Amino acid sequence: MKAIVFDDFGGPAVLRLAEVPLPDIRPDDLLVKVRAAGVNRADILQREGVYGSQTYGDSSILGLEVAGEVVAVGKSVRDYGVGNRVMGIVGGGAYAQYARLDSGMAARIPESLSFIEAAAIMESFVTGWEALAHLGQVAKAETVLVHAAAGGIGSATVQLARSAGASVLATASDENVERVLSLGAAAVFDYRRSDFEAEVIDFTASRGVDLVIDFVGGAYLARNIRSLAPGGRLVQVGLLGGDGDAIIPLDIVLHKHLRIMGTVMKSRSRDVKRAMVDRFRQHVLPRLGGEIVPIVAATYPLAQAAEAQRRMETGGLFGKVVLDFRDPAPHGWLAH
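Residues numbered from 1 in each chain as written. Predicted model: local features only at pLDDT ≥ 70, side-chain atom pairs only at ≥ 80, totals over all residues. Heavy atoms only, no water.

**Remarks on the overall build of the protein**
The number of helices and strands found in the protein is 10 helices and 15 strands. In summary, the protein has a C-alpha radius of gyration of 20 Å against a globular reference of 20 Å for 336 residues, a match within 12%. C-alpha extents for the protein along the principal axes are approximately 60 × 40 × 35 Å. Here the protein holds 336 residues, and the buried ones make up 55% of them. Long-range contacts, defined here as pairs at least 24 residues apart, represent 69% of the contacts in the protein between residues at least 6 apart. (Helix = DSSP H or I, 4+ residues; strand = E, 2+ residues; numbered from the N terminus. Rg over C-alpha atoms; globule rule 2.2 N^0.38 Å. Buried < 20%, exposed > 50% of the residue type's maximum accessible area, 1.4 Å probe, protein only. Contact = heavy atoms within 4.5 Å.)

Structure, rendered in structure tokens:
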């Protein structure tokens, strides 16, 4: 089968299309013919060598989420069969024609959604729900601040928070402010031109927010903590801004009885990932395609994976970048 590989760490140019063996499936696995795959920040970090030789999963091939058709099942699989349309989280291997998917990390694609839309769901909505509900314990009528709200996970989290009955504040670039507002945010602050801490204090009449979901880190940390109401929670999901300037004002943490939590999916164990996906299936999947929808910013064919990652690195996108495995040529290799 064809897959995207790289021989050395580096920029997008190291990515190339190559022939690789089909993955072997284990008793609990599905073998999926990939129709689309999500592009995530973790893919870029892996390509750059941030994780070193660690893959935290099953494959050294890039890609953490797939959408496609089941072509084979392991001997212990009972809930899925050949021909099912599924989406799921994989431990690497999504940038390939076929991927091995643990059935415990799979979900059926709602009939109303395409493979492209499905490829923008799992990493974003599973992570968003984990941060918002399982860790953040969001409650109806609370106020939630979501950073980087125009991105794949951010846009999912805004919708999930709104559907949970929370009032949502968000940060985004100027070109995406109106788009994030369209997802149901009560207010969106342009992170380049305004001080979100001051905006939060003004919006909440100095009380602060109950929950912050942050993908930026770095210099945002102290400002997030100061933006929290008494008893507030901060869930740190990413480090787009690095961690070199991360300062914790411990006096505020103590006096306001705050909680700070961190989460990342890539390094989680299989059992933990299965539990996360199960919570998603119970609480989020029934609402997909209705009140909450995946946001796709751009699509690229598999052979242009390098360009897809370049576009993601440029920033300013609204939603997710997805690799589309459909081949415009009727007899091209992706068609088989």
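**Some thoughts on the environment of glycine 74**
Positionally, glycine 74 belongs in the loop between β4 (65-73) and β5 (85-89). Remark: the alpha-carbon pair of glycine 74 and leucine 31, spanning 43 residues in sequence, is separated by 8.2 Å. If we ignore the near neighbours within four places in the chain, the residues touching glycine 74 are Ile25, Arg26, Pro27 and Asp29.

**A look at the domain arrangement of the protein**
Domains assigned within the protein are domain 1 (2-124 + 267-324) and domain 2 (136-262). Summarising the inter-unit geometry, the C-alpha centres of domain 1 and domain 2 are found 27 Å apart. Facing 14 residues of domain 1, the contacting portion of domain 2 comprises 16 residues. On the surface where domain 1 and domain 2 come into contact, there are zero salt bridges. The tally of links between domain 1 and domain 2 comes to seven residue pairs in polar contact (both at pLDDT 80 or more). Among the residues forming the side of domain 1 that touches domain 2, the class breakdown is six nonpolar, three polar and five charged. (Domains from an automatic or database assignment. Salt bridge = Lys/Arg side-chain N within 4 Å of Asp/Glu carboxyl O. Polar contact = N/O pair within 3.5 Å; in protein donor to acceptor, adjacent residues only side chain to side chain. Nonpolar A, V, L, I, M, F, W, Y, C, P; charged D, E, K, R; others polar.)

**As for the side chain of glutamate 130**
With respect to the helices, strands and loops of the structure, glutamate 130 is situated in helix α3 (residues 122-135). Using a relative accessible area of 3% as the deciding quantity, one classes glutamate 130 as buried. Residues in contact with glutamate 130, not counting those within four places in the same chain, are Leu135, Gly136, Arg268, Met276 and Arg279.

**Thoughts on α3**
Helical periodicity: at 3.6 residues per turn, an α-helix aligns residues three or four positions apart in one direction. Summarising burial for α3: 13 of the 14 residues are buried, a large majority. Of the residues trailing α3, glutamine 137 is marked for its positive phi of about 50 degrees.

**Digging into the packing of α3 against helix α9 (residues 270-283)**
Where α3 contacts α9, the two axes come as close as 9 Å, and the packing angle between them is 90 degrees. Comparing the axis directions of α3 and α9 gives the class roughly perpendicular. Between α3 and α9, the contacting residues are Met122, Phe125, Val126, Trp129, Glu130 and His134 on the first element and Met276, Val277, Arg279, Phe280 and His283 on the second. (Axes fitted to C-alpha atoms, helices over the stretch in contact; angles between N-to-C directions. Parallel < 35°, antiparallel > 145°, perpendicular 65-115°, else oblique.)

**Details of the sheet that holds strand β9 (residues 167-172)**
Across the sheet, six strands lie side by side as β10-β9-β8-β11-β12-β13; this open sheet has parallel pairing. Single-partner strands in this sheet number two, and they are β10 (187-190) and β13 (259-262). This sheet shows a mean twist of 15 degrees between the axes of neighbouring strands, independent of strand direction. In terms of strand pairing, β9 meets β10 through four bridges, oriented parallel. Considered in β10, the bridge of alanine 172 is made with aspartate 190. Its contacts with the sheet put α3 on β8 (143-146), β11 (209-214), β12 (228-236) and β13, and the angle it makes with β11 is roughly 155 degrees. (Pairing = 2+ DSSP bridges.)

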